Amino acid sequence: MSAHLSYGRVNLNILREAARKDLREFLDKCAGSKAIVWDEYLTGPFGLIAQYSFERQMLNLEKMFTLKGGRLPTADVKNIIFFVRPKLELMDIIAENVISADKMHSPRDFHILFVPRRSMLCEQRLKEQGVLGSFINIDEYILDLIPYDSDLLSMESEGAFRECYLESDQTSLYHTAKGLMTLQALYGTIPQIFGKGECARHVANMMLRMKREFAGSQTQILPVFDSLLLLDRNIDLLTPLATQLTYEGLIDEVYGITNGYVKLPPEKFAAQKKQGEAGKDLPTEPKKMQLNSAEELYAEIRDKNFNGVGAALSKKAKIISAAFEERHNAKTVGEIKQFVSQLPHMQAARSSLANHTSIAELIKDITSEKKYIYSSPFIISVLVNGYFLSDAASEAFFDNLTVEQEFMTGVDTDKVNAYIEDCIAQRDPLIKILRLVSMQSVCNNGLKQKVFDYYRREILQTYGYEHMLTLNNLEKTGLLKPQTSTRNNYPTIRKTLKLWMEDANEQNPNDISYVYSGYAPLSIRLAQVLARPGWRSIEEVLKMLPGPHFEERQQLPAGLHKKRQQGENRTTLVFFLGGVTYAEIAALRFLSQMEDGGTEYIIATTKLINGTSWIKSLMDRPEAQTL
Amino acid sequence: MAFITANWNPLGDAFYRQIELYDMGWSLRDGLKDCMVAAAPYGGPIVLLEWQSQRPSPSARPQLEIYSSSGVSMASFPWKSGPVRQLGWTVCDDLLAIQEDGTVLIYDLFGTFKRHFSMGNEVVQNQVLEAKVFHSPYGTGVAIVTGASRFTLAMNIDDLKLRRLPEVPGLQGAPSCWAVLTQDRQTKVLLANGADLYILDNTSCTPVTPPGLSPQACSIINMAVSFSYKYLALFTDSGHLWMGSTNLKDKLSEVETKVRSAPKQMVWSRRPKSQQPSVVLMWDRLLLVAGVCKETIQYTLDEECVCVAELDGVRIVGASRHEMLQEVPSACEDIFKIASMAPGALLLEAHKEYEKCSQKADEYLREIKEQSVLGEAVKQCVEAAGYEHEPETQKTLLRAASFGKCFLSNFPPEPFVSMCRDLRVLNSVRDYSVGIPLTHTQYKQMTVQVLIDRLVYRKLYPLAIEICRYLKTPEYQGVSRVLKHWACCKVQQKEEPDESIARAVSVKLGEAAGISYSEIAARAYECGRTELAIKLLEFEPRSGEQVPLLLKMKRSQLGLSKAIESGDTDLVYTVVTYLKNEMNRGDFFMTLRNQPVALSLYRQFCKHQEQETLKDLFNQDDDHHELGNFYVRASYKESKLEARLSLLQSAVDEYNKAKNEFAAKATEEEMKLLRFQRRLDEEKGEALLGLSLHDTLHALLSANYHKQAEQLYRDFRVPDKRYWWLKLTALAEKEDWDELEKFAKSKKSPIGYLPFVEVCVKRHNKYEAKKYVSKVTPEQKVKAHLAIGDLEGAAEAAIERRSEGEISTVLARCSPTTDRALLERLNRARSTAAKK
């Protein structure tokens, strides 16, 4: 299940294997049968590096539990291993578990594995609770950057943006720097570091410091990466707010992708399932699917604008049915044998096609609008087969998109927007409102005080006064704020960086703006300009964005300087501090594939986000006692 | 060259040789007589302690002396502790002195006391009768037998776990002889009581019989276990020497020595790939080598000696000489045996002739080449060089090998090169002044790393660095490590001032990579030199490493800055918690105030753990805005309305102080709403408390409390648009169509009439919806008509507006059943609209 990690420009499977090896080594330390007690949050990220079946088989694992208070579930095992993040709350729960277990008869060995790092603070807490001595092994499992796909690394740290930009807690930046050091240990020193933003500066500083600290233990590896680009999320607050319009981006917007998996409503998948399990009722459990480049078709279509997906699917359908038709041409035994040998692959392709057609249909139901249908007749023929739908959901989607695009092009950003007003009046989901209002604020470099107060009052009156805290948070992070200067920089930035492209081609894109059907993500433009012609050409704009921009060079050990072949591409690692969206990833992949691009990108981030999950992470919801 | 074999003695089909290692540098008054001696294997140090019983008065203190293998004194001091039963060395060259009362004292190589431990309370009364120090994969162990005839084992003195072994039936006092064995990862004691042999392990005492032990014996009086724990030798009072495996399953041989008295020492002499293993027995004047082949060699000893078992032979240490007795390795035998025609021997001869410029060289070479064994010849010479002690012999062999190599193509150079390197290192440590007589076999077993450690331990830093550089050991593991040890030693020199030590250390270590200054500083601190420690810490590049020591030295403020510098937030937290306990609150807060990073982390900590402290922090900073937020957050935790209101009032006060008008007003509004909700709940029994204003209004409208709703709408200045939406949805949900119509007519709708149409359609009431279509503005007409499914109406409206987009919208809604005429009209209209 990990082969896809090896195919990319940089073999990320090395990283995954290193992570698995460490895990095995730790588990080997605990001799005898074992049960793992999971900090639930970690199960997702761990799924990306090791399968349960694999661990169980290899490591004499008997049981898995979720960490919760009170007594441990009974299990006849010698070792109980806690896999936890270094959080004080969790230490209290562990202490409770251990104390209650002590009363039971069978003696057990307890172990703790901290992910990603040991914490003195936590050990201190365990000591205070009087259980530190009960642990035979206390260890750390350094899992900073998790290989997510062949060109994508994520730290899967949900709170990173909030911690860095709202709470001035730079723990995740420390982990980032550590993760980058691990990466350099495996893939060689990265000779050039570029960055923009406060956090980027901080991470670069830590990296340089750590390099000094580890001086002498350098690995003699030919550098795989030519440069590293560190980008703060807060230099581009706009992009995640916009609705992503790539296939993968839309799946994430509509259903949410967590740790590489998506849960879908089961109805559309019913028919397929029946072939296998005849007579079964309609499934009621959501269908869980893994999404990554291991699936050939998905790798092909995920980064396309949704309007181009239909065409791709129908083309694929033709190819597959043609392939199945081949059987009529197979005459000799040899030909038949060859055909049969291809069958498993073809069947996998067919079921993959069926799955994605269903997903596309689901998304279509929500997004389809007249405009879309006219611009993409293929969708009708392939997906909808003439049946047409235009209910409230899709209309809302379209209206929403229109408003977003108005804001991004700078239309009426200084006035109260009627659509937002209506949405509030109809009590649409709060996150949607916050996304839109924030977007307007960002595109206007802050809202006029009157407009700002009006929106806030509307939100408080409609959704409850407790959201005052959330509004505060948004203001602190700069997402929703009052205008402080009369000058609005956004139009200048938009024009200089060509953030809006009128004639975005969704079917056969020639520019990254296709991922948002017109809007080119600012973050990616920065990466693009950096590669060619360089940031010096946009000094003015860079000054308008928050935080410093910088360039650092790291000395390579003698003899490791790369001699570039004629026409060989550079490899750049782009690290988004505070999260990245699938659409941005798609845009970078698009740049990698451009024939005259000259640069291939590997993407790393603290977390994969979309506007909804991002805003959610910034919300404060005091749990109100009932009065 | 001819006399290389002069000190060879045949034993069976092999030879034994004595190699002179050193003329001992010590001058001992009485030789090794009346001394307790212990020498460490692998050419380790030698310790001597005069027998205490020999002393005329108990008050006189015996002298303890430590020498290198070449007899150079390393330490000498009067023994002030209790009577010693046994001396021994640990694997890392520490001295162990096992006292009669079971206390084990540990000294370093230079006689500095390190620590002590006890072999158990029981021993104090019963005393230690005999003790042995042994080495196993688990480290250095100690075994004792007490006056109560009980054995106690400590497997590893660095991880002390005492094991008392079971009783041996019928044993009184000490056994006649005993040994410790390590077998199958278990450590056992093998002991003889008269003619009976027992194996003693953790749980049981098992009698055993060695196969084929000569029946004449009444008692086993000595035993020896080989270096590898694989072989056992037993000596009986009938003068028989039994040799076999330690598992007592196989017998190798039995030799009759014709000596009946107990030997003073008995050790195995083997080597890897031994042809003829033997046991070396030592009596007062006699040294006997008894081979498995039943032959013996006898040497006369002219002085008191001690035998030290090694991996590949036996060292014999005397008062004036230090020799190695070993089986001649086959490579050496092949080359040097008289009249040998082995390839190596021929090559050596050829080279000799070559140096004499004789053409015989060519003849010899041809002979070797004809047998095509030149490669083997070179290999033999290289290998034999490794086994030779004399540098001259080594050189001769290596030159011959190098000569032979010239006539070979693609012969791998590595063995030759690495042998040259190894020998250079070995010769330098074998030097009299260093005194580590390692053989090549031992060196390979021990590894360079350990050798470097030993040199460092002997404070031979320059030599250690020289070797690291010569072998090109990565700086991190080599030179840097040695320098660190040097620095640790340097900081203990009490007479030198801090300043000059710090300078000396930084000058020497400056460029070396991967030095841990904090370890050096920690050492300085242990010696009570805090100032020096702080100076040294300044050189530490890893700020994280500096922190624990700074805290220990009570330099917590500095520790905090360093923790922040490292970026490791956990470290910052650790220092902050430390400071919190150490300082009074005011100072603590002031310190945090100067360190914003620490402050914000501490705030996060308080937010989850100590709410009240958080408040104090905000108070101290006069951060009224955050205080306001704090009260708001706190208010939601209250389940009593009055308490919540009073907290909200505090929030209002704080917001006012912060001049945050909006927040103050919003919070006041919130309080107003809560009071209103309570009143209404009390009056009407509605459950409104806690709802948002919007939801309250909705609930009121749904419950027909229009008057109260109106009042709220006015009091809270709800925008008209939203109020209309609210009322509209509430009425439609109730399906109160009359009221809705009345509402629509009450005044001009601020939200237009399309929402009316849509709301009705949503409730599936097309009839009602139609009522409002006519009121919809022209721009929204098409949408309104479509909403109620009136395609024709929509078409009319669209055509009238001549909007291409709208016509398209309508067209898209047409189905195959749609009226042809209508379709045509639409298409026509679209093309005209498009032309414009």
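Scoring rules and cut-offs
Residues numbered from 1 in each chain as written. Chains lettered and ligands numbered in written order. Predicted model: local features only at pLDDT ≥ 70, side-chain atom pairs only at ≥ 80, totals over all residues. Heavy atoms only, no water. Helix = DSSP H or I, 4+ residues; strand = E, 2+ residues; numbered from the N terminus. Buried < 20%, exposed > 50% of the residue type's maximum accessible area, 1.4 Å probe, protein only. Contact = heavy atoms within 4.5 Å. Areas by Shrake-Rupley, 256 points an atom, 1.4 Å probe, with all protein chains shown as cover. Domains from an automatic or database assignment. Buried area = accessible area lost by both parts, 1.4 Å probe. Salt bridge = Lys/Arg side-chain N within 4 Å of Asp/Glu carboxyl O. Axes fitted to C-alpha atoms, helices over the stretch in contact; angles between N-to-C directions. Parallel < 35°, antiparallel > 145°, perpendicular 65-115°, else oblique. Left-handed = near helix turned anticlockwise from the far one by under 90°. Polar contact = N/O pair within 3.5 Å; in protein donor to acceptor, adjacent residues only side chain to side chain. Nonpolar A, V, L, I, M, F, W, Y, C, P; charged D, E, K, R; others polar. Pairing = 2+ DSSP bridges.

Colleague: I tried to follow the overall build of chain A on my own but got confused; where do I start?
Modeller: Of the regular secondary structure elements, chain A holds 26 helices and 15 strands. For chain A, buried positions account for 57% of its 627 residues. Considering only contacts in chain A between residues 6 or more positions apart, those separated by 24 or more positions represent 79%. With the model as given, the accessible surface of chain A reaches about 26,200 Å², and the carbon-plus-sulfur share is 51%.

Colleague: Please explain the domain arrangement of chain B as it appears in this structure.
Modeller: How big an interface is tends to be reported as the loss of accessible area on association of its parts. Residues and elements named next belong to chain B. We note that the domain assignment places domain 1 (31–182) and domain 2 (387–593) within chain B. The centre of domain 1, based on its C-alpha atoms, is set 31 Å off from the matching centre of domain 2. Taken together, the contact between domain 1 and domain 2 spans 18 residues of the former and 13 residues of the latter. Between domain 1 and domain 2, roughly 1,200 Å² of surface is buried when both sides are summed, and carbon and sulfur atoms account for 55% of that area.

Colleague: Any chance you could explain the pattern of salt bridges here in plain terms?
Modeller: All names here are of chain A. Counted by the stated rule, this structure contains 79 salt bridges over all chains. Taking the shortest distance from any N to any O, the salt bridge between glutamate 552 and arginine 201 comes out at 2.8 Å. With glutamate 552 in strand β13 (residues 549–553) and arginine 201 in helix α8 (residues 198–213), this residue pair connects regions lying 351 residues apart in the sequence. Take glutamate 552: its relative accessible area is 22%, and that puts it in the partly exposed class. The closest approach of N and O atoms between lysine 316 and glutamate 296, which form a salt bridge, is 3.7 Å. Of the two residues, lysine 316 sits in helix α13 (residues 306–329) while glutamate 296 sits in helix α12 (residues 296–301), which places them 20 residues apart along the sequence. In the salt-bridge network here, residues are joined through shared partners; they are Asp149, Asp151, Glu248, Arg302, Asp303 and Arg589.

Colleague: Can you walk me through the packing of helix α12 (residues 517–526) of chain B against helix α14 (residues 543–552) of chain B in this structure?
Modeller: Each pair of packed helices can be summarised by the angle the axes make with each other and by the distance between the axes. All names here are of chain B. Relative to each other, α12 and α14 sit at 15°, their axes nearing to 9 Å. Accordingly, the angle class assigned to the pair α12 and α14 is roughly parallel. The way α12 lies across α14 gives a crossing that is left-handed. Within the contact between the two elements, α12 uses Ser518, Ala521, Ala522 and Tyr525 and α14 uses Glu545, Leu549 and Lys552.

Colleague: Sorry, what's going on with helix α15 (residues 556–566) of chain B here?
Modeller: One turn of the α-helix equals 3.6 residues, which is why residues spaced by three or four share an orientation. Residues of α15(B) that are buried include every one of B:Ser556, B:Gly559, B:Leu560, B:Lys562, B:Ala563, B:Ile564 and B:Ser566, and no others. Looking one or two places after α15(B), you find B:Gly567, whose phi comes out positive at around 80°.

Colleague: Can you help me understand helix α29 (residues 778–787) of chain B in this one?
Modeller: Residue and element names in this part refer to chain B. Looking at α29, one finds that the buried residues are Val782, Ala784, His785 and Leu786. In this structure, the buried side of α29 is in contact with α27 (754–762), α28 (766–773), α30 (791–801) and α31 (804–813). A positive phi of about 80° marks glycine 789, the residue just after α29.

Colleague: Got a minute to help me understand the environment of B:Val128 in this structure?
Modeller: All names here are of chain B. Following the sequence through the fold, valine 128 ends up in strand β11 (residues 128–136). In this structure valine 128 comes out as buried when scored by relative accessible area, which is 0%. Along the primary structure valine 128 and lysine 484 are separated by 356 residues, whereas in three dimensions their C-alpha atoms are 40 Å apart. Not counting chain neighbours up to four residues away, the residues in contact with valine 128 comprise Arg85, Gln99, Glu100, Gly102, Val123, Ile144, Val145 and Thr146.

Colleague: Would you explain the interface of chain B and chain A in this entry?
Modeller: Contacts between the two partners involve 63 residues from chain B, matched on the other side by 54 residues from chain A. For the pairing of chain B and chain A, the buried interface totals around 5,000 Å² over both sides, and the portion due to carbon and sulfur atoms is 57%. Counting the contacts that link chain B with chain A gives 7 salt bridges. Note that A:Lys476 is salt-bridged to B:Glu626, the shortest N-O span being 3.1 Å. Summed over the shared surface of chain B and chain A, the result is 29 residue pairs in polar contact (both at pLDDT 80 or more). The biggest single contributor to the side of chain B that touches chain A is helix α22 (residues 661–684) of chain B, with 8 residues. Class assignment of the residues belonging to the side of chain B that touches chain A gives a composition of 24 nonpolar, 18 polar and 21 charged.

Colleague: So what exactly am I meant to see when it comes to the sheet that holds strand β9 (residues 227–232) of chain A here?
Modeller: To summarise the sheet geometry, strands pair through backbone hydrogen bonds and adopt either a parallel or an antiparallel arrangement. Residues and elements named next belong to chain A. On the basis of which strands lie adjacent, the open sheet formed by 7 strands has the order β6-β7-β15-β14-β9-β8-β13 and mixed pairing. The sheet is open, and its two borders are formed by β6 (146–149) and β13, each paired with just one other strand. Pairwise comparison of adjacent strand axes, ignoring direction, gives a mean angle of 25° for this sheet. Where strand β7 (residues 152–154) and strand β15 (residues 599–605) come together, 3 bridges link them in parallel fashion. By the bridge assignment for β15, leucine 153 is matched with alanine 604. Contacting β6, β7, β14 (570–577) and β15, helix α25 (residues 582–593) crosses the sheet at an angle of about 160° to β15.

Colleague: Please explain the pairing of strand β24 (residues 278–282) of chain B as it appears in this structure.
Modeller: Every other side chain in a regular strand lies on the same face of the sheet, so the side chains alternate between the two faces. Residue and element names in this part refer to chain B. The element β24 is extensively covered by neighbouring structure, given that 5 of its 5 residues are classed as buried. Burial of the side chains of β24 extends over both faces: Ser278, Val280 and Met282 are buried on one face and Val279 and Leu281 on the other. Pairing analysis gives 5 bridges linking strand β23 (residues 265–269) to β24, with the strands arranged antiparallel. Bridge pairing in β24 places valine 267 opposite valine 280. As paired elements, β24 and strand β25 (residues 286–291) share 5 bridges and run antiparallel to each other. Each residue of the ladder has a partner; that of leucine 281, found in β25, is leucine 288. In sequence, β24 turns back onto β25 through a hairpin of 3 residues.

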